[in-house]
Amino acid sequence: MIYNKENEITDKDLTLYRDLYGIMPNVEILQGAGSNRVYARLTDFDCRSVILTKGRDIQENESFVNLARVFRRHGLNVPEIFAVGDSGEVYLQQDLGDESLFSLLSTNQRHELVRKTLESLVAVQTIEESEWRPFITAAPFSERLIYWDLNYFKYSFLKTTATNFDESRLEDDFERLAADLMSVGKEQWGFMYRDCQSRNVMIRDGEPWWIDFQGGRPGPMLYDAVSFLWQARAGFTDEERRHFLLHYANAVSKIKGIAMERILENWGLFALFRTLQVLGAYGFRGLIEKKAHFIESISAGIKNLEDLRVGGILDPYPELKRVSKVLSESKYCRKRESDGGLTVSVFSFSYKKGYPEDLSGNGGGFMFDCRGMHNPGRYDEYKRLTGLDKPVVNFLETRGEVQDFVENAYRTVAPSIERYKERGFSSLQVGFGCTGGRHRSVYCAQAFAKMVGDAFEGISIRLEHREQGMITTIEKK
């Protein structure tokens, strides 16, 4: 039997559980994140629950399993490994539940849990290298790794978002930044978690537990603390970041004997580097692979970059500084509605240029094809006009078909608007496309937005005629 559509977990994989516990389990496929690993919760009638992990990268699996055993010997909170399959692709680990630190950052437990997490991070980072180094598969922090991440930002984010930049000047900035990062003394190195963020911390009985540390490597420890505190959607304030960085530095200082001022002197460099790295990930995982929570994080990531620019961290890197300003004014830094209400985004567009981007992360909505109606663009007198101009409006309305089309679209969408409002959803996208995105689609999007505005209160309407570069926002209170 196949348990998921990608044929990842099969009965053969589940025999690892059967061999250990003498029974075939019930299977619940868990939602993945950014990796290609597959997770499933396995349960049985004895109320037992474990997590089956399957990954094609055998070295990565071995690294996680062996590092978990090292960390557990030191009494650290990481999942216990119960069994590993003969192929090395599948292993069973302790079920830590579904409550991540990220899910609790908006509660009154926030400060206590973050302090505990940073203290636990220091305990992980300062284990003697000889114990964990044999199980590391990733190369140590180096200029090569730095350039990989900076180019990730350039190719997967800047080029994907069609952001203009001077490549030669940007490379000059990359070289300066790489040299500055590599100047951090080796006495401040330890186990570098690499992807240290609140989604990789599970909370069990009020204590933080670490997961997904297979990408660890020797490197500057401060990178992890900064990665954690500058996580785009974690929402830490500048005051909180200062407070928690001091708490972290104090814990490191007690173990390493390094002055706190020395530990923290390069926080800005690492905040900038990490921000660029994650924007690269958001571009690839979000805009290219269309994974929702990466798309949702883009605006917050750009906001972090803008804060660093305003704070002077980007001053030594002039092209990065200029690009940051451009991004902060782009559609990718679109602000969410302050009241948390529903925004209906209505687009006109040309099918020749593809569907409108969905930057909400919802990955859905309604698209209506206007190409079945007679096209004013076929006549010379209308070619230079748009669906907003009176002659084109008269042309379309005289034939009568466009009114029925818009009304039918409204009747289709209106129930969803009502349900989205009731359920507290934040975004709904509606598009009208035609051949050139100039006449029929523009008329329909304009008319539809007006119908929605007349019918619904307590929502925002964002109307964008994409091919004309026209954006209008209407708030309905």
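For the structure itself, consult the block above.
Rules used in this analysis
- Residues numbered from 1 in each chain as written.
- Predicted model: local features only at pLDDT ≥ 70, side-chain atom pairs only at ≥ 80, totals over all residues.
- Heavy atoms only, no water.
- Helix = DSSP H or I, 4+ residues; strand = E, 2+ residues; numbered from the N terminus.
- Buried < 20%, exposed > 50% of the residue type's maximum accessible area, 1.4 Å probe, protein only.
- Contact = heavy atoms within 4.5 Å.
- Areas by Shrake-Rupley, 256 points an atom, 1.4 Å probe, with all protein chains shown as cover.
- Lys, Arg positive; Asp, Glu negative; His and termini not counted.
- Charge placed at Lys NZ, Arg CZ, Asp CG, Glu CD.
- Polar contact = N/O pair within 3.5 Å; in protein donor to acceptor, adjacent residues only side chain to side chain.
- Pairing = 2+ DSSP bridges.
- Axes fitted to C-alpha atoms, helices over the stretch in contact; angles between N-to-C directions.
- Parallel < 35°, antiparallel > 145°, perpendicular 65-115°, else oblique.
- Left-handed = near helix turned anticlockwise from the far one by under 90°.
- Expected span 1.5 Å × (residues − 1).
- Core = buried A, V, L, I, M, F, W, Y, C linked by side-chain atoms within 4.5 Å.
- Phe/Tyr/Trp six-rings, centres within 6.5 Å; stacked < 30°, edge-to-face > 60°.
- Lys NZ or Arg CZ within 6 Å of the ring centre and 35° of its normal.

## A closer look at the overall build of the chain
- A tally of helices and strands in the chain yields 17 helices and 14 strands.
- Seen along its three principal axes, the alpha-carbon backbone of the chain occupies a region of about 80 × 60 × 40 Å.
- The proportion of buried residues among the 477 residues of the chain is 51%.
- Residue pairs at least 24 apart in sequence account for 70% of intrachain contacts in the chain once pairs closer than 6 positions are excluded.
- Surface exposure of the chain reaches about 22200 Å², of which carbon and sulfur atoms provide 47%.
- Where the 63 positive side-chain charges of the chain centre and where its 68 negative ones centre are 4 Å apart.

## Considering helix α8 (residues 222-229)
- Counting buried positions along α8 yields eight of eight residues, so the element is predominantly enclosed.
- Here α8 has its buried residues at L222, Y223, D224, A225, V226, S227, F228 and L229.

## Describing the environment of R371
- Mapped onto the elements, R371 comes out in the loop between β11 (366-369) and α14 (380-383).
- Taking relative accessible area as the criterion, R371 reaches 39% and is therefore assigned partly exposed.
- In the structure, R371 is positioned 62 residues away from G433 in sequence and 7.4 Å away in space, judged by C-alpha atoms.
- Not counting residues within four places of it along the chain, the set of residues in contact with R371 comprises Y351, G433, C434, T435 and R440.
- A polar side-chain atom of R371 sits 2.8 Å from a polar atom in the side chain of D369.

## Here's the deal with the sheet that holds strand β3 (residues 49-54)
- Taken together, the five strands give an open sheet; going across it, the order is β1-β2-β3-β5-β4, and neighbouring strands pair in antiparallel fashion. A single partner strand is all that each edge strand has here, and the edge strands are β1 (26-30) and β4 (81-84). The average undirected angle you get between the axes of adjacent strands in this sheet is 25°.
- With three bridges joining them, β4 and strand β5 (residues 90-94) adopt antiparallel strand pairing. Bridge pairing in β5 links A83 to L92.

## Some words on the packing of helix α7 (residues 167-182) against helix α11 (residues 267-288)
- In contact at an axis separation of 10 Å, α7 and α11 are set at 125° when each is read in the N-to-C sense. Overall, the two elements α7 and α11 adopt an arrangement that is oblique. The element α7 and its partner α11 pack so that their crossing is left-handed. Side by side, α7 and α11 meet where L177, D180 and L181 of the first sit next to L269, F270, L272, F273 and L276 of the second.

## Regarding helix α2 (residues 58-73)
- Here α2 contains 16 residues, and its C-alpha end-to-end distance of 23 Å stays within 8% of the 22 Å for a straight helix at 1.5 Å per residue.
- Listed as buried for α2 are N61, S63, F64, V65, L67, A68, V70 and F71.
- Buried residues along α2 sit against β4, β5, α4 (110-125), α5 (129-132) and β6 (189-192).
- The N-cap residue of α2 is D57: its side-chain oxygen and the backbone nitrogen of Q59 are 3.3 Å apart.
- After α2 finishes, the residue G75 shows a positive phi value of roughly 75°.

## Quick word on unusual backbone geometry
- Positioned with a positive phi, D205 is a non-glycine residue whose angle comes to about 55°.
- Examined against the element boundaries, D205 turns out to sit in the loop between β7 (201-204) and β8 (207-210).
- Judged by relative accessible area, which is 72%, D205 ranks as exposed.
- For D212, which is not glycine, the phi torsion reads 55° and is therefore positive.
- Among the structural elements, D212 can be located in the loop between β8 and β9 (217-220).

## Focus on the nonpolar core
- Core analysis: the biggest nonpolar cluster contains 88 residues, and F71, F141, L177, W210, F213, Y248 and L320 have the highest contact counts within it.
- Here this core gets ten residues from one element, more than from any other, and that element is α11.
- Setting aside residues no more than four positions away along its own chain, L177 makes contact with L150, L269, L272, L276, Y317 and L320.
- By size, the runner-up hydrophobic cluster in this structure holds 32 residues, among which are L342, F368, Y410 and V452.

## Remarks on the packing of aromatic side chains
- Under the defined criterion, the tally for this structure stands at 29 aromatic pairs.
- Judged by centre distance (5.0 Å) and plane angle (55°), the rings of Y193 and W210 are tilted. Note that Y193 is positioned in the loop between β6 and β7 and W210 in strand β8, a separation of 17 residues in sequence.
- Its relative accessible area of 1% is what places Y193 among the buried residues.
- An angle of 40° between the planes, with centres 6.0 Å apart, marks the rings of F228 and F236 as tilted.
- Feature note: the residues F64, F71, Y91, W132, F191, Y193, W210 and F213 constitute an aromatic cluster, connected by ring pairs.
- Between the NZ or CZ atom of R199 and the centre of the ring of F102, over which it lies, the distance is 4.0 Å.
- In this structure, R371 is placed above the aromatic ring of Y351, and the distance from its NZ or CZ to the ring centre is 3.8 Å.

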